[in-house]
Amino acid sequence: MSTPWGGLPEFPVQRTHETMDSHSIRPLVSIVLPTLNAGKFLGECLQSIASQSVQEYEVLVIDGGSEDETLLICRDFEKVRVVSQQSKGLTGAWNEGIGQAEGEYLALLDSDDIWLPDTLENHIATLVAHPEKLASIGHMSFFLDNDQQVPPGFKISLLDQTHLAYMPGCFVGKPAIFETLGLFDMHWNILSDLVRFA
């Protein structure tokens, strides 16, 4: 699991939506969250979103046919909209979520990641301060699940530091970036996120 975090300069966030009414007000941020039998960590993930200092958001859970408690967990959180995935794979889920997002900004998050409470605020503040930029990339840190053993091939030294991370959970941007670069390449079954952010 990883924890994306802002670690960015602090600027006042210009919030244009003080309340969140899904029927009449465009959310400030759309958070796209693919799931497939994600029950083990999803509650922590959604709680980290609910604890954000920026509350003007929607969560689009793009579910690939979960058979565990994933959908039940989603019901425990406000501002979460579950969408049954029509395409295949993680890449298809990202693209479907991006296509349905209504926010002024777009954030991506994996179901086994968590955000620190000021993650969205730091990203959005940076984009407000630099309106010519289309996206903000933050830092992340790795951690093990409870007493989980270090996975084979994982460098344990990575647990002791933070990393600038070109990956979905550390990305917040304007929808226009996908109009410019295109959506995720569905020919990649794995590493599609790294290919897009490289």
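Residues numbered from 1 in each chain as written. Predicted model: local features only at pLDDT ≥ 70, side-chain atom pairs only at ≥ 80, totals over all residues. Heavy atoms only, no water.

(A) Up close: the pattern of salt bridges. With the rule as written, the count across this model stands at one salt bridge. A salt bridge links R81 to E58; the nearest nitrogen and oxygen atoms lie 3.8 Å apart. Of the two residues, R81 sits in strand 4 (residues 80-84) while E58 sits in strand 3 (residues 57-63), which places them 23 residues apart along the sequence. (Salt bridge = Lys/Arg side-chain N within 4 Å of Asp/Glu carboxyl O. Helix = DSSP H or I, 4+ residues; strand = E, 2+ residues; numbered from the N terminus.)

(B) Highlighting the confidence of the model for the protein. Mean pLDDT over the protein works out to 83, with 80% of the residues at or above the 70 mark. Low pLDDT (under 50) marks residues 4-22, which in the prediction has 55 contacts with non-local residues, meaning those over four places away or in another chain. Confidence over residues 190-198 falls short of pLDDT 50; this stretch has 18 contacts with residues more than four positions distant or in other chains. (pLDDT = per-residue confidence, 0-100. Contact = heavy atoms within 4.5 Å.)

(C) Main features of the nonpolar core. One finds V29, I31, L33, L46, I49, V59 and L120 to be the most contacted residues of the largest nonpolar core, which totals 25 residues. Those elements giving two or more residues to this core turn out to be strand 2 (29-35), helix 1 (39-50), strand 3, helix 2 (70-74), strand 5 (105-108) and helix 4 (119-129). Sorting elements by how many residues they give to this core places helix 1 first, with four residues. Residue contacts for V59: discarding those within four places in its chain leaves I31, L33, L46, I49, K79, V80 and R81. (Core = buried A, V, L, I, M, F, W, Y, C linked by side-chain atoms within 4.5 Å. Buried < 20%, exposed > 50% of the residue type's maximum accessible area, 1.4 Å probe, protein only.)

(D) Examining the packing of aromatic side chains more closely. In total, this model carries four aromatic pairs according to the counting rule given. Between W94 and F184, the ring centres sit 6.1 Å apart and the planes meet at 35 degrees, which makes this aromatic pair tilted. One end of the pair, W94, is in helix 3 (residues 89-100); the other, F184, is in the loop between helix 5 (176-181) and helix 6 (192-197), and 90 residues separate them in sequence. W94 gets classed as buried once you look at its relative accessible area, which sits at 0%. Owing to a relative accessible area of 3%, F184 belongs among the buried residues under this scheme. Each ring, one from F142 and one from F154, has its centre 5.4 Å from the other, and the planes form 75 degrees; the classification is edge-to-face. On the criterion of sequence distance, the pair formed by F142 in strand 7 (residues 139-142) and F154 in the loop between strand 7 and strand 8 (163-164) is long-range, its members being 12 residues apart. Taken together, the ring pairs connect W94, F171, F178 and F184 into an aromatic cluster. Just above the ring of Y57 sits the side chain of K79; from NZ or CZ to the centre is 4.6 Å. (Phe/Tyr/Trp six-rings, centres within 6.5 Å; stacked < 30°, edge-to-face > 60°. Lys NZ or Arg CZ within 6 Å of the ring centre and 35° of its normal.)

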